[in-house]
Amino acid sequence: DDGQGDPEPGALSGGAGQGTSTGAGGSAKYTASKLPENLCENVELGRLATQFDKQSAQPTVNRQLTTTVSMMTCTISRQRGTAAVMSLLFIVNVYNDPKLAVDQQKQGLDNAKLNDPTTRTLDGIGDEAYATRTSGGVQTDSTVGLTLEMRAANLRWSAYLTAAKIDGAGWTGQERDQFIA
């Protein structure tokens, strides 16, 4: 099941509560209780799996269903030999009120633009999406931090990547570009 469609009784956003309240934002498209329990089992790393070819720790998962905003997380840690490490944090939030998802996505984009003038919106990914460099001192010669945020209806998906060179060398411009190409 893809988590879409009419919610079952008691399966709103998090699987608790009664009725089919949709709040001010209209009907919820996604139902958190129908999404996978283990988000990590559904993450495809693409070329990052070959660029960081060794798992450095077991993936960690969390799933918290609520009647307002349900959350699923997955953290994956990988490394490339002894030269570099990468951590990926994926967060899926499913909102009972789609308007709240829209508002949170807008606030996230506005805040990203305040911290990174190179933040860019992305077409063809959900209803709204953007990519930005992670702020807060993460960007150094040897560390790359990137964030991708996407909204589709009442679901928000966030991916946070941090990659660090541990061999003493910094990332070249070409290596940095590989993360956002």
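Treat the numbers as computed from the prediction; the structure is a model and nothing was measured.

Below, the discussion takes up the overall build of the protein chain. The number of helices and strands found in the protein chain is three helices and seven strands. By the burial criterion, 39% of the 181 residues in the protein chain qualify as buried. Across the protein chain, contacts joining residues at least 24 apart in sequence account for 57% of those joining residues at least 6 apart. Working note: accessible area of the protein chain is about 9,600 Å², and carbon and sulfur atoms make up 50% of it.

The next subject is the packing of aromatic side chains. Considering all chains together, one arrives at one aromatic pair under this definition. Consider the rings of F90 and W157, whose centres lie 6.0 Å apart with planes at 20°: the pair is stacked. Remark: W157 occurs in strand 7 (residues 155-165) and F90 occurs in strand 3 (residues 84-95); sequence separation between them is 67 residues. The residue whose ring lies beneath R80 is F52, and the NZ or CZ to ring-centre distance is 5.1 Å. Positioned over the ring face of W171 is K165, at 5.0 Å from the centre of the ring.

Every other side chain in a regular strand lies on the same face of the sheet, so the side chains alternate between the two faces. When strand 1 (residues 54-64) meets strand 2 (residues 69-80), the two strands line up antiparallel, connected through eight bridges. When the sheet's bridge partners are listed, Q55 is paired in strand 2 with R78. Linking strand 1 back to strand 2 in an antiparallel pair, the connection comprises four residues.

It is worth spelling out the side chain of R78 at this point. Tracing the backbone through its elements, the reader meets R78 in strand 2. Although R78 lies buried, it forms no salt bridge, and the closest oppositely charged side chain, D53, sits 6.3 Å away as judged by the N-O distance. From its side chain, R78 meets the backbone oxygen of F52 in a polar contact 2.6 Å long. With sequence-adjacent residues up to four places away left out, R78 is seen in contact with L45, L48, A49, F52, D53, K54, Q55, S56, V85 and M86.

Here we come to the confidence of the model for the protein chain. Here the protein chain shows a mean pLDDT of 83. Residues at 70 or above account for 82%. Of all helices and strands in the protein chain, the one with the weakest mean pLDDT is helix 3 (residues 173-178) (79), whereas strand 2 scores best (96). Every residue in residues 1-24 is under pLDDT 50, and counting partners more than four places away or in other chains gives 57 contacts.

Turning next to unusual backbone geometry. With a phi angle near 55°, A153 is a residue other than glycine that sits in the positive phi range. Tracing the backbone shows A153 in the loop between strand 6 (143-152) and strand 7.

Another aspect to go through is the sheet that holds strand 6. In space, the seven strands of this open sheet follow the order 1-2-3-7-6-5-4, with antiparallel pairing throughout. At either margin of the open sheet sits one strand with a lone partner, and together these are strand 1 and strand 4 (120-121). Relative to strand 5 (residues 128-133), strand 4 runs antiparallel, the two being bridged by two bridges. Residue pairing in the sheet places T121 in a bridge with Y130 of strand 5. Along the sheet, helix 2 (residues 98-115) contacts strand 2, strand 3, strand 4, strand 5, strand 6 and strand 7; its crossing angle with strand 5, the most-contacted strand, is approximately 30°.

Applying the stated criterion across every chain, the model contains eight salt bridges. Among the ionic pairs, D110 bridges to K106, the shortest N-O distance being 2.7 Å. Linking D110 with K106, this pair stays in helix 2, spanning four residues, or about one helical turn. Where D116 meets R133, a salt bridge forms, and the shortest distance between an N and an O atom there is 2.6 Å. A residue pair is termed long-range when its members are at least 10 positions apart, and D116 in the loop between helix 2 and strand 4 and R133 in strand 5 qualify at 17 residues. According to the relative accessible area criterion, D116 is buried, its value standing at 2%. Salt bridges linked by common partners bring D127, E128 and R151 together as one network.

About the criteria used
- Every residue gets a number counted from 1 within its own chain, in the order that chain's sequence is written.
- Local features are withheld for residues below a pLDDT of 70 in this predicted model, meaning they are given only at 70 or higher, and side-chain atom pairs are given and counted only at 80 or more; totals for whole chains, interfaces and linings count all residues.
- By convention in this description, side-chain values take in all heavy atoms of the structure and omit both hydrogens and water.
- Runs of E in the DSSP output that reach at least two residues are strands. Runs of H or I that reach at least four are helices, and both are numbered from the N terminus.
- Think of it in three bands: with a 1.4 Å probe and only protein chains considered, a residue is buried below 20% of the maximum accessible area for its type, exposed above 50%, and partly exposed in between.
- A contact between two residues is defined here by any heavy atoms of the two lying within 4.5 Å.
- To be clear on the numbers: accessible area is Shrake-Rupley with a 1.4 Å probe, and residue cover counts the displayed protein chains and nothing else.
- Think of it this way: a Phe, Tyr or Trp ring, Trp meaning its six-membered ring, pairs with another when their centres are within 6.5 Å, and the plane angle makes it stacked under 30 degrees, edge-to-face over 60, tilted otherwise.
- Working rule: Lys NZ or Arg CZ, within 6 Å of ring centre, within 35 degrees of ring normal, means a charge sits over the ring.
- Here, strands pair whenever DSSP counts at least two bridges between them.
- Only four residue types enter the tally: Lys and Arg on the positive side, Asp and Glu on the negative side; His and the chain ends are excluded.
- What counts as a salt bridge is simple: a side-chain nitrogen of Lys or Arg found within 4 Å of a carboxyl oxygen of Asp or Glu.
- Pairing of N or O atoms within 3.5 Å defines a polar contact, subject to two protein rules: one partner must be a possible hydrogen donor and the other a possible acceptor, and residues neighboring in sequence count only if both atoms are side-chain atoms.
- Predictor confidence is given residue by residue as pLDDT, running from a minimum of 0 to a maximum of 100.
- Fitted lines through C-alpha atoms give the axes, limited to the stretch in contact for helices. The angle between two N-to-C directions lies from 0 to 180 degrees.

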